[in-house]
Amino acid sequence: MAYADVIGRAHETAELHFQVKGALTGPDEDLVQRIEELRGELRVAFDPLMRCIRLAILEGPTRVAEAAEALGKSVVTANRALHPLEQSDEGAQTAYGISEAEFHCQLERFTDSAREALSSIQ
């Protein structure tokens, strides 16, 4: 079922975002290079995750589809928040932290919705 695929792919993406957070606490001279590397890895992880999300949206039910759509939007937002980090924009770390936290919140929402949908058909 697509739900497990979404959750698995999202956790892979979450691990990469966790590494971004680690890079933010590391030496400044390595920050831009490490963020660039992680952005590349996140781009590779993005397409398979979004395919799984689109499938979950199609499979429904409505609550799961809405949670999947919100998860997809939060992934896009978190990934977009990486570029300002590379540019050392003021406030970029705060904005990234907020978007990354929202991604985790939406992943939890999706997981709960999927679990509830699956338990209702058993």
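Everything numeric in this text was worked out from a predicted model, so none of it was measured.

Chemist: For the environment of D28, give the residues involved together with the corresponding values.
Modeler: Relative to the helices and strands, D28 is located in helix α2 (residues 28–59). In this structure D28 comes out as exposed when scored by relative accessible area, which is 62%. Separated by 67 residues in sequence, D28 and A95 have C-alpha atoms that sit 18 Å apart.

Chemist: Residue-level account of the nonpolar core, with values.
Modeler: Core analysis: the largest hydrophobic core is formed by 21 residues, its most contacted members being Y3, V6, I53, A56, L71, F103 and F110. When contributions to this core are tallied by element, the ones reaching two or more residues are α1 (2–24), α2, α3 (62–80) and α5 (92–120). With six residues, the single largest contributor to this core is α3. For L71, the contacting residues outside a window of four places in its chain are V6, A10, I53, F103, Q106, L107 and F110.

Chemist: Lay out the packing of α2 against α3 in plain terms, naming residues and giving numbers.
Modeler: What describes two packed helices is the angle between their axes and the distance between those same axes. Closest axis-to-axis distance for the α2/α3 pair is 9 Å, and the angle between their directions is 165°. As judged from the angle between their axes, α2 and α3 are roughly antiparallel. For the crossing formed where α2 meets α3, the hand is left-handed. Counting all contacts with α2, which are made through L42, F46, L49, M50, I53, A56 and I57, the residues of α3 involved are A65, A68, E69, L71, G72, V75, V76 and N79. Of the residues assigned to the contact of α2 with α3, the class counts are twelve nonpolar, two polar and one charged.

Calculation rules
- Residues numbered from 1 in each chain as written.
- Predicted model: local features only at pLDDT ≥ 70, side-chain atom pairs only at ≥ 80, totals over all residues.
- Heavy atoms only, no water.
- Helix = DSSP H or I, 4+ residues; strand = E, 2+ residues; numbered from the N terminus.
- Buried < 20%, exposed > 50% of the residue type's maximum accessible area, 1.4 Å probe, protein only.
- Core = buried A, V, L, I, M, F, W, Y, C linked by side-chain atoms within 4.5 Å.
- Contact = heavy atoms within 4.5 Å.
- Axes fitted to C-alpha atoms, helices over the stretch in contact; angles between N-to-C directions.
- Parallel < 35°, antiparallel > 145°, perpendicular 65-115°, else oblique.
- Left-handed = near helix turned anticlockwise from the far one by under 90°.
- Nonpolar A, V, L, I, M, F, W, Y, C, P; charged D, E, K, R; others polar.

In short, geometric facts, not functional conclusions.
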